[in-house]
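The lines below spell out each chain.
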2 protein chains.
Amino acid sequence: MAKNCLIGQSGGPTAVINASLKGVIEAAKKSKKIDKIFGMRYGIQGALDGNILDLTNKSSKELKLLRYTPSSVLGTSRYKIVDYNENEEDYVNLFNLIDKLDISYFFYIGGNDSMDTVDKLNKYAEENGIEINIMGIPKTVDNDLVEIDHCPGYGSASKYIATSVMEIARDSRVYDIKNVHIVEVMGRASGWLAAASMLASNDKLKAPDYIYVSEVDFSVNQFIKDVEKKMNEQKSVVVVVSEGIKDEHGNYISADKSTTHDHFGHKKMGGAAPVLAPFIKGNLCDRVKAIRLDVMQRAAAHCVSEVDAEEAYTLGKKATKAALAGKTGLMVGFKRVSNDPYKIEYIEVPVEKIANKVKSLPKKWINKNENQIKKGFRDYVLPLIQGKVDISYKDGLPEYGELDCLNKDFLVKNI
Amino acid sequence: MAKNCLIGQSGGPTAVINASLKGVIEAAKKSKKIDKIFGMRYGIQGALDGNILDLTNKSSKELKLLRYTPSSVLGTSRYKIVDYNENEEDYVNLFNLIDKLDISYFFYIGGNDSMDTVDKLNKYAEENGIEINIMGIPKTVDNDLVEIDHCPGYGSASKYIATSVMEIARDSRVYDIKNVHIVEVMGRASGWLAAASMLASNDKLKAPDYIYVSEVDFSVNQFIKDVEKKMNEQKSVVVVVSEGIKDEHGNYISADKSTTHDHFGHKKMGGAAPVLAPFIKGNLCDRVKAIRLDVMQRAAAHCVSEVDAEEAYTLGKKATKAALAGKTGLMVGFKRVSNDPYKIEYIEVPVEKIANKVKSLPKKWINKNENQIKKGFRDYVLPLIQGKVDISYKDGLPEYGELDCLNKDFLVKNI
């Protein structure tokens, strides 16, 4: 007798997290082992609150649009489930729900925190003799999951960042005056996204001039010296920084105390670039811009990488197939076989190896002065931003999907 | 005997200002009346400094790329030429240069300040019996030139803003918590760009919830009330503001005194959104984002509107033909014949009618509560963001042009 499946999205969104969702839904629809397809509204937290959607009869047109739809259409959460030896309540509630909905296949799309949830749920099920197949599907623009070559979402964010830095660098050069543009990108713990900005450099225009990643102790004084040096050679200096850069004592640059409150006592908006800009402005030059690529870098599906979208989609399908084959407690992913031609192999990794761990940008790709990324990194990242996408446009704008099931009529009642 | 022509770019760049340049160069190449094609490096200021480029033999491949290359590839300036009755020096120097270079056709691509320059140069030439044809070509993302239906550059910036707001709005809804996103767009004197964000709304997602334009007195208290009201209906509130919003006394919101200096005595970075965010954060909700679309909105050629690119290119050609026909002191532009189907007619307007004037967003398109744009505006702006572009991509990134003449070898020597 066919059973049901349950899918959730977790953590921060990416431009391709819905492509993975599409992969799961399509593979589940194809399988005779699966009857109903349920979705968690707002991740595990929503599931615990009983917010379950029935995705079984979603329209195929909306499903098609999901491939290039940004954000997490199911909704997401950052809820961390506690160890069941500490408190069993969430587990009891969740597996009650799973039992009532007759769920045999459970999919969670997320990063390292989410894989911790997958790991805990899987171990609890095993210890308690609950028959269920629980699979993790990776996503994170931060690219910081261990055990896999790269993370879905990273390629598209990298493509957006490189494109934007190319455009910012060209804009910066139009006036015959000295200027500095400081571009801040995501990456609280790792510098993968900042590093990807190196792709903006080509034989026509070298930019960014400096890249400071989270993995390196950041010195404001050295930063000023670096900028000053470059400014002796050229009028425009373009700098990219990770949001997570810290000083030698481990304090975030963005948390500079002098900027946390204004005269109203208002807590001010954070950001490393806005903290750094005043050190240049008026001292080295008058035209300084602090630019934050903000949520656009993870949401800019109009700039998606086709390689990234295809891989994210395929991982959704692979995870479903693995679960249907009786596998559990694994995350699907890939290892790289070659850079040129770019080739990957799909793999499965026990989630316990991934949960809560962070993969930093390797030192081998950071230059000696710790202010630029070495060429070798280009071979790694370049294949991830390739491919021409075929986004649907309507009235001059991208046509993004929306699960029609988000309508209240699709909420599962009387669970 | 064939004469030469001189082209300059002026004011802020747009995504299509180089399309107009391409139009002039191509039309000039085709004409037997024009021999050499010269460019001003950094606008009128560069010309006065003798920085002249010879564009006659630029590679056709680079010329082709210019259509979708952001920034002003010749370089630009904001130099305002004074009245010649006040000080004739610039005029004497410039027309000396024009004489030496044997220039008969002069093209200046710019906004209302630049058209003032065109007007002054034209009147000086007429009064002094100098034979020259001086034509203005409009550009400005601000869309604030009078006498013409819209300005080249505005459509592409509008498309980028609407696309980004669509993506930001989707990103804002993923968590099950209350949040406010304040998106700041360009427009110091006018709200055309903020108004264009209305295009992000469709039948799947209504956003932005509020749009505050420069034309309206901005009240922080009313803004807080508006946000509070909307937050009672929905979790995510998305607001778009013009950078130039002012309070009832005419003071820029972005210039709020409490935020001009930090504890180091550093002058802080401006912005209306970062000033507004703290009024919401911690009061109405904890998750507040101040997002500035910064220079990306005028430089994002990867998101260019084909209608805009084609019109900008055509204006370059039209201006050249007009000059060759003996016209002078005019700016080319268009008037709208119909919205649906979209149809324009190319026109020529005396620059003196345009110089220094600002076209505001008409009140008829602002709602009664002064916090949203009326549907009628959609008919105006929608045609301007249409068309599928065919940008050249290389290694997963847009291939932008660069005038090879920017090499020092192309600088005209011994003028």
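Residues numbered from 1 in each chain as written. Chains lettered and ligands numbered in written order. Predicted model: local features only at pLDDT ≥ 70, side-chain atom pairs only at ≥ 80, totals over all residues. Heavy atoms only, no water.

S.K.: In this structure, what is going on with the environment of Asn-96 of chain B? I would like to understand it.
M.R.: Residues and elements named next belong to chain B. In this structure, Asn-96 sits in helix H4 (residues 89–100). We classify Asn-96 as partly exposed; its relative accessible area is 42%. When the C-alpha atoms of Asn-96 and Pro-341 are compared, they prove to be 48 Å apart, with 245 residues separating the residues in sequence. (Helix = DSSP H or I, 4+ residues; strand = E, 2+ residues; numbered from the N terminus. Buried < 20%, exposed > 50% of the residue type's maximum accessible area, 1.4 Å probe, protein only.)

S.K.: I'm lost on the sheet that holds strand S11 (residues 342–350) of chain B in this one. Help?
M.R.: The strands making up a sheet associate through hydrogen bonds between their backbones, and the pairing can be parallel or antiparallel. Residues and elements named next belong to chain B. Strand order in this open sheet of 7 strands is S3-S2-S1-S4-S5-S10-S11, and the pairing throughout is mixed. If you trace the sheet from one side to the other, it starts and ends with strand S3 (52–54) and S11, each paired once. Averaged over all pairs of adjacent strands, the angle between strand axes in this sheet comes to 30 degrees, irrespective of strand direction. Pairing geometry for strand S1 (residues 3–9) and strand S2 (residues 34–40), over 4 bridges, is parallel. (Pairing = 2+ DSSP bridges. Axes fitted to C-alpha atoms, helices over the stretch in contact; angles between N-to-C directions.)

S.K.: What exactly am I supposed to notice about the relation of the copies chain A and chain B here?
M.R.: One copy of the chain maps onto the second through a rotation around an axis plus a translation along that axis. Under the fitted operation, chain A is carried onto chain B by 0.0 Å of movement along the axis and a turn of 180 degrees, and the coordinates agree to an RMSD of 0.0 Å. In symmetry terms, the pair is related by a two-fold rotation axis. When the interface residues of chain A are mapped onto chain B, 100% of them are again interface residues, pointing to one common binding face. (Least-squares fit on C-alpha atoms with pLDDT ≥ 70 in both. Contact = heavy atoms within 4.5 Å.)

S.K.: I'm lost on the packing of aromatic side chains in this one. Help?
M.R.: For any pair of aromatic rings, the description rests on two quantities: the centre-to-centre distance and the angle between the ring planes. Per the counting criterion, the structure on display carries 34 aromatic pairs over all chains. Relative to Phe-223 of chain A, the ring of Tyr-212 of chain A lies with its centre 5.9 Å away and its plane at 75 degrees, an arrangement referred to as edge-to-face. In this pair, Tyr-212 of chain A is assigned in strand S7 (residues 210–212) and Phe-223 of chain A in helix H8 (residues 220–231), connecting sequence segments 11 residues apart. Seen from their ring centres, Phe-95 of chain B and Tyr-124 of chain B are 5.5 Å apart, and the 20 degrees between their planes marks the pair as stacked. Remark: Tyr-124 of chain B occurs in helix H5 (residues 112–127) and Phe-95 of chain B occurs in helix H4; sequence separation between them is 29 residues. For Tyr-124 of chain B, a relative accessible area of 6% gives the class buried. Members of the aromatic cluster, joined through ring pairs, are Tyr-154, Trp-192, Trp-365, Phe-377 and Tyr-380 of chain A. Geometry around Tyr-42 of chain A places Arg-41 of chain A over its ring, the cationic atom sitting 4.4 Å from the centre. (Phe/Tyr/Trp six-rings, centres within 6.5 Å; stacked < 30°, edge-to-face > 60°. Lys NZ or Arg CZ within 6 Å of the ring centre and 35° of its normal.)

S.K.: Teacher, can you tell me more about the packing of helix H1 (residues 17–30) of chain A against helix H11 (residues 306–324) of chain A here?
M.R.: Two quantities define a packed helix pair, namely the angle between the axes and the distance from one axis to the other. Residue and element names in this part refer to chain A. Following both chains from N to C, one finds H1 and H11 inclined at 40 degrees, their axes separated by 7 Å at the closest point. Between H1 and H11 lies a crossing whose hand is right-handed. For the pair H1 and H11, the contacting residues are Ala-19, Ser-20, Lys-22, Gly-23, Val-24, Glu-26, Ala-27 and Ala-28 in the first and Ala-309, Ala-312, Tyr-313, Gly-316, Lys-317 and Thr-320 in the second. Here the contact of H1 with H11 is composed, by residue class, of 7 nonpolar, 4 polar and 3 charged. (Left-handed = near helix turned anticlockwise from the far one by under 90°. Nonpolar A, V, L, I, M, F, W, Y, C, P; charged D, E, K, R; others polar.)

S.K.: Any chance you could explain the sheet that holds strand S6 (residues 179–185) of chain A here in plain terms?
M.R.: All names here are of chain A. Here we have 4 strands laid out as an open sheet, ordered S7-S8-S6-S9, and parallel in their pairing. Either end of the sheet is taken by a strand with one partner, and the two such strands are S7 and strand S9 (287–292). Neighbour-to-neighbour, the strand axes of the sheet open up by a mean angle of 15 degrees, direction not taken into account. Note: S6 against S9, 6 bridges, orientation parallel. Residue pairing for S9: Val-183 is matched across the bridge by Ile-291. Contacts from helix H6 (residues 154–172) reach S6, strand S8 (236–242) and S9, with the element oriented near 165 degrees to S6. Packed onto the sheet, H8 meets S6, S7 and S8 and runs at close to 170 degrees relative to S7.

S.K.: Just checking my understanding: could you explain the side chain of Arg-298 of chain A for this structure?
M.R.: Here Arg-298 of chain A shows up in helix H10 (residues 296–299). The residues touching Arg-298 of chain A, leaving out its near neighbours within four places in the chain, are Gly-12, Pro-13, Thr-14, Ala-15, Arg-78, Val-141 and Met-186 of chain A together with Asp-171 and Arg-287 of chain B.

S.K.: Quick question: what am I supposed to make of the interface of chain A and chain B here?
M.R.: The parts lose accessible area when they come together, and the size of an interface is often stated as this lost area. Taken together, the 76 residues of chain A in the interface contact 76 residues of chain B. Carbon and sulfur atoms make up 58% of the area that chain A and chain B hide from each other, which totals about 6300 Å². Counting across the interface, chain A meets chain B through 10 salt bridges. Note that Glu-62 of chain B and Lys-204 of chain A form a salt bridge whose closest N and O atoms lie 3.2 Å from each other. Taken together, chain A and chain B are joined by 26 residue pairs in polar contact (both at pLDDT 80 or more). (Buried area = accessible area lost by both parts, 1.4 Å probe. Salt bridge = Lys/Arg side-chain N within 4 Å of Asp/Glu carboxyl O. Polar contact = N/O pair within 3.5 Å; in protein donor to acceptor, adjacent residues only side chain to side chain.)

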